[in-house]
Amino acid sequence: MTNTNIAVEFKDVNKWFDDFHVLKDINLKISIGEKIVICGPSGSGKSTLVRCINSLETHENGAILVNGKTIEKTSKNNQKANSDVGMVFQQFNLFPHLTVKENLILGPMKALGLTKNEAETRAIKLLHRVKIPEQVDKYPNQLSGGQQQRVAIARALCMEPKIMLFDEPTSALDPEMIAEVLDVIIDLAQEGITMIVVTHEMGFAKKAADRMVFMDDGKIVETGNPEGFFENPKTERCKLFLEQILQH
Amino acid sequence: MQAVPRTNIATLMDFILKYKTFFIISVLVLLAGCSSPPGTWGWYVIDPTTKGGWNNIKFLLSGFSATIMLSVLAAILSIIIGLVVALPGMSQNRLIRLPSRIYIEFIRAVPLLPMLFWVFYGLPVILKSLGLNIPIDPFWGAAITLAISDSAFTAEIYRAGIQSIEKGQTEAARTVGLNYFQTMRYVILPQALRRILPPLANQFIYIVKMSAFASVIGMQELTRRANEVVVSEYRPLEIYSLLILEYLVLVLIISSGIRWLERRMGSDQR
Ligand SMILES: Nc1ncnc2c1ncn2[C@@H]1O[C@H](COP(=O)(O)OP(=O)(O)O)[C@@H](O)[C@H]1O
Ligand SMILES: [Mg+2]
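Rules used throughout
Numbering of residues starts from 1 in every chain and runs along the sequence as written. Starting at A for chains and at 1 for ligands, labels are handed out in the order in which the entities are written. Two thresholds apply to this predicted model, a pLDDT of at least 70 for residue-level local features and 80 or more for giving and counting side-chain atom pairs, whereas whole-chain, interface and lining totals are computed over all residues. In computing side-chain values, all of the structure's heavy atoms are included and hydrogens and water are not. Here, a salt bridge means any Lys or Arg side-chain nitrogen found within 4 Å of an Asp or Glu carboxyl oxygen. To qualify as a helix, a DSSP run of H or I must reach at least 4 residues; to qualify as a strand, a run of E must reach at least 2; elements of each kind are numbered from the N terminus. For each residue, the accessible area found with a 1.4 Å probe, counting protein chains only, is set against the maximum for its type, and the residue is called buried under 20%, exposed over 50%, and partly exposed in between. One bridge is not enough; two strands pair if DSSP finds at least two bridges between them. Note on method: axes are straight lines fitted to C-alpha atoms, helices fitted across the in-contact stretch only, with angles between N-to-C directions ranging 0 to 180 degrees. Every residue pair with non-hydrogen atoms within 4.5 Å of one another is taken to be in contact. Residues belong to one nonpolar core when they are buried, are Ala, Val, Leu, Ile, Met, Phe, Trp, Tyr or Cys, and are joined through side-chain atoms within 4.5 Å. Only heavy atoms are used to decide nearness, and a residue is near a molecule or strand if one of them lies within 4 Å of it. Polar contacts here mean pairs of N or O atoms no more than 3.5 Å apart (in protein, one a potential hydrogen donor and the other a potential acceptor; neighbouring residues in sequence count only if both atoms are side-chain atoms). Here, Shrake-Rupley sampling with a 1.4 Å probe gives the accessible areas, and only protein chains in the shown set may cover a residue. Nonpolar side chains (Val, Leu, Ile, Met, Phe, Trp, Tyr) within 5 Å and like charges within 9 Å form the patches, drawn only from residues with over 30% relative accessible area and no salt bridge. The arc in question is the one traced by the directions running from the helix axis out to the C-beta atoms. Per residue, pLDDT measures the predictor's confidence, with a range of 0 to 100. Aromatic rings from Phe, Tyr and Trp, with only the six-membered ring used for Trp, were paired whenever their centres fell within 6.5 Å, and each pair was classed as stacked if the ring planes differed by under 30 degrees, edge-to-face if by over 60, and tilted otherwise. Remark: a charge is flagged as sitting over a ring if the NZ atom of Lys or the CZ atom of Arg is within 6 Å of the ring centre and within 35 degrees of the ring normal.

A. Region of interest: the pattern of salt bridges. Residues and elements named next belong to chain A. Tallied over the entire structure, the rule returns 19 salt bridges over all chains. Measuring nitrogen to oxygen at the nearest pair gives 3.1 Å for the salt bridge that ties arginine 51 to glutamate 57. A salt bridge links aspartate 84 to lysine 162, with the shortest nitrogen-to-oxygen separation between them at 3.6 Å. Of this pair, aspartate 84 sits in helix α2 (residues 79-84) while lysine 162 sits in the loop between α5 (145-157) and β7 (163-167), placing them 78 residues apart in sequence. You can call lysine 162 partly exposed: its relative accessible area is 48%.

B. Spotlight on the sheet that holds β7(A). Residues and elements named next belong to chain A. On the basis of which strands lie adjacent, the open sheet formed by 6 strands has the order β6-β7-β8-β3-β9-β10 and mixed pairing. If you trace the sheet from one side to the other, it starts and ends with β6 (85-88) and β10 (219-224), each paired once. Going across the sheet, the axis of each strand differs from the next one's by a mean of 20°, ignoring polarity. Against the sheet, α5 touches β6 and β7, its axis set at about 170° to β6.

C. Region of interest: the pairing of β6(A). Residue and element names in this part refer to chain A. A two-sided burial pattern is seen for β6, the buried positions comprising Val85 and Met87 on one face and Gly86 and Val88 on the other. Across 4 bridges, β6 lies against β7 in parallel orientation. Its bridge partner being in β7, methionine 87 is matched across the sheet by leucine 165.

D. Expanded view of the nonpolar core. Counting 55 residues, the largest nonpolar core has Phe10(A), Ile38(A) and Ile196(A) as its most contacted members. Examining the composition of this core, we find that 7 residues originate from one element, helix α9 (residues 180-210) of chain B, more than from any other. For Ile38(A), the contacting residues outside a window of four places in its chain are Lys46(A), Leu49(A), Val50(A), Ile196(A), Val197(A), Val198(A), Thr199(A), Val213(A) and Met215(A). The next biggest cluster of nonpolar side chains, apart from the first, holds 52 residues, and it includes Leu104(A), Ile132(A), Met164(A) and Phe241(A).

E. Examining the site of ligand 1 more closely. Residue and element names in this part refer to chain A. Around ligand 1, a shell composed of Phe17, Phe20, Val22, Pro41, Ser42, Gly43, Ser44, Gly45, Lys46, Ser47 and Thr48 is seen. Lysine 46 is positioned with one of its side-chain polar atoms (N or O) 2.8 Å from an oxygen atom of ligand 1. Here an oxygen atom of ligand 1 and a side-chain polar atom of threonine 48 are 2.5 Å apart. Protein burial of ligand 1: of its 560 Å² of free accessible surface, 60% is covered by the chains. Of all the elements in the fold, those that place two or more residues in the shell around ligand 1 are β2 (20-31) and α1 (46-53). Here the shell around ligand 1 gets 3 residues from one element, more than from any other, and that element is α1.

F. Molecular detail of the environment of Ala143(B). All names here are of chain B. Looking at the secondary structure, you find alanine 143 in helix α7 (residues 138-163). For the pair alanine 143 and isoleucine 16, spaced 127 residues apart in the sequence, the C-alpha separation amounts to 35 Å. Those residues in contact with alanine 143, other than ones at most four positions away along the chain, are Leu70, Leu73, Ala74 and Leu77.

G. Broad picture of a nonpolar patch on the surface. The grouping of Ile68(B), Val72(B), Ile76(B), Ile79(B), Ile80(B) and Val84(B) at the surface amounts to a nonpolar patch, some 490 Å² of accessible area in total. Tracing the sequence through the fold places Ile76(B) in helix α4 (residues 63-89).

H. Structural detail: helix α9 (residues 236-246) of chain A. Residues and elements named next belong to chain A. Along α9, the positions that sit buried rather than exposed are Cys238, Phe241, Leu242 and Ile245. Mapping the buried residues of α9 onto a view down its axis gives an arc of 95°, with all of them on the same face. Residues of α9 that are buried in the fold lie against β3 (35-39), α7 (202-208), β9 (211-216), β10 and α8 (226-231).

I. Looking closely at the sheet that holds strand β4 (residues 61-66) of chain A. Residues and elements named next belong to chain A. Pairing in this open sheet of 4 strands is antiparallel, and the strands run β2-β1-β4-β5 from one edge to the other. Either end of the sheet is taken by a strand with one partner, and the two such strands are β2 and β5 (69-70). Note that β4 and β5 share 2 bridges and pair antiparallel. In the sheet register, valine 66 faces β5, and the bridge partner there is lysine 69. Sitting on the sheet, α1 touches β1 (6-17), β2 and β4, and the angle it makes with β1 is about 125°.

J. How the structure looks around the confidence of the model for chain B. Averaged over every residue, the pLDDT of chain B is 88; the share at 70 or more is 94%. Scoring the predicted complex yields pTM 0.81 and, for the interface, ipTM 0.93.

K. Expanded view of the packing of aromatic side chains. In total, this model carries 7 aromatic pairs over all chains according to the counting rule given. Consider the rings of Phe229(A) and Phe230(A), whose centres lie 5.4 Å apart with planes at 90°: the pair is edge-to-face. Each member of the pair, Phe229(A) together with Phe230(A), is buried. Pairwise contacts between aromatic rings join Phe117(B), Phe120(B) and Tyr121(B) into one cluster. The ring of Phe95(A) has Arg155(A) sitting right over it, with the charged end atom 4.5 Å from the ring centre. We note Lys206(A) situated over the ring of Phe230(A); from NZ or CZ to the ring centre the distance is 5.1 Å.

In structure tokens, the structure reads:
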């Protein structure tokens, strides 16, 4: 029986890179519209977990359900799951040979079958939303890091996804540009879209997260609402981690 | 004080180095011409002021069109075959990768001349046994052979160019819903092109030079025409010197075209 309120569900998921056990018995249910923040030390498997949701990685056993549909274990080409799941990468990954507008309309035109006009209308609307409508005809390398990441967010939103994944969206940015990107994401969090954000920005987590997930060594060590998570973490490892990052 | 003449010499050296093949051959020909006993050279055979010499020149130079047409056709075919071979060669799946690997290794190992004989004399036998009466004329035989022989190299050039594009580009393309072919067409190939084009153009020089082999199956390109004049005039030294000069001019024109292309691609880096 599938629960219709669940956006993403991990059931006893395990994954290996050759003989390296990267995800260990992952169980996680994310409701539709929920905002999840995942944190944990580098190398703990956060990116891998998130990338399993849109089939950029495959898992070896257990089950992953996205919008009630099971993701194939073997195929890396799970197109159906993809179009509902948008992703923002740490390194932006904009298409450098295309202008901002072309970056935004490519997916809607080729994958969703929108006309150029429809796609452009959508693109302009979203550029307003990420507050850079004036950059529409620039190439990515003519923009600052913060602007590039906001274009990347708009590009993902152009597909009108039900779920948005953010993998350390501000980690590659200069400090003065972090706020402008986080503001856009917080803005987005006001809406019904499901969001899964890997980040160490704890100020952002306190504002936007419905639930915190702490990962260490391929396992989900602790989950909880932000208040409890930050005030009194249940595990020693989580406490140590929070102390380390809150020092900065 | 010394800086000025040294710069001039440096520029001269640069110039000579740039066209070193041309200079070396010119100097050798000049030396040979001056130091050999009378009768060694008989330039009358291609003397444009005499009727016979002029006819010979016209006959020899008219091979350019065939050499160029053959090379261009072979290059176009090779670019297409190379892509068709390269794409499955980069698959995650070993079984899909395998035929591509085998093709590249096999074709690279076969010398051009035996392959040319096989296509021109051997393939018609197979076609006939299949009930297909398709004659293979020297032009198409040579074009197909050159294209296949070159396609193994073209495929490797594609592979290097495509694999030099970051994985993040493919991943981003997939997250906006593009399928494999759309990702190649709109995201990867346009970016890989600037890395693929220069070595591909270089490969064109190889095709032009290898097209000389088409002479042995009777195609009237530059080399075949030179052979025919040599047989009737008994003047191999002069005719083959001119032949080398013809290829030299052709290749120098192509390579200056490549340099222009590289400059243009470098200047609009994004
Ligand atoms: N493609 C891969 N092949 C092999 N090992 C990998 C691969 N991707 C990640 N890893 C390893 O898996 C572990 C978890 O990686 P990752 O999910 O990126 O961690 P995080 O995002 O939490 O820093 C790391 O030790 C990393 O080196
Ligand atoms: Mg990571």
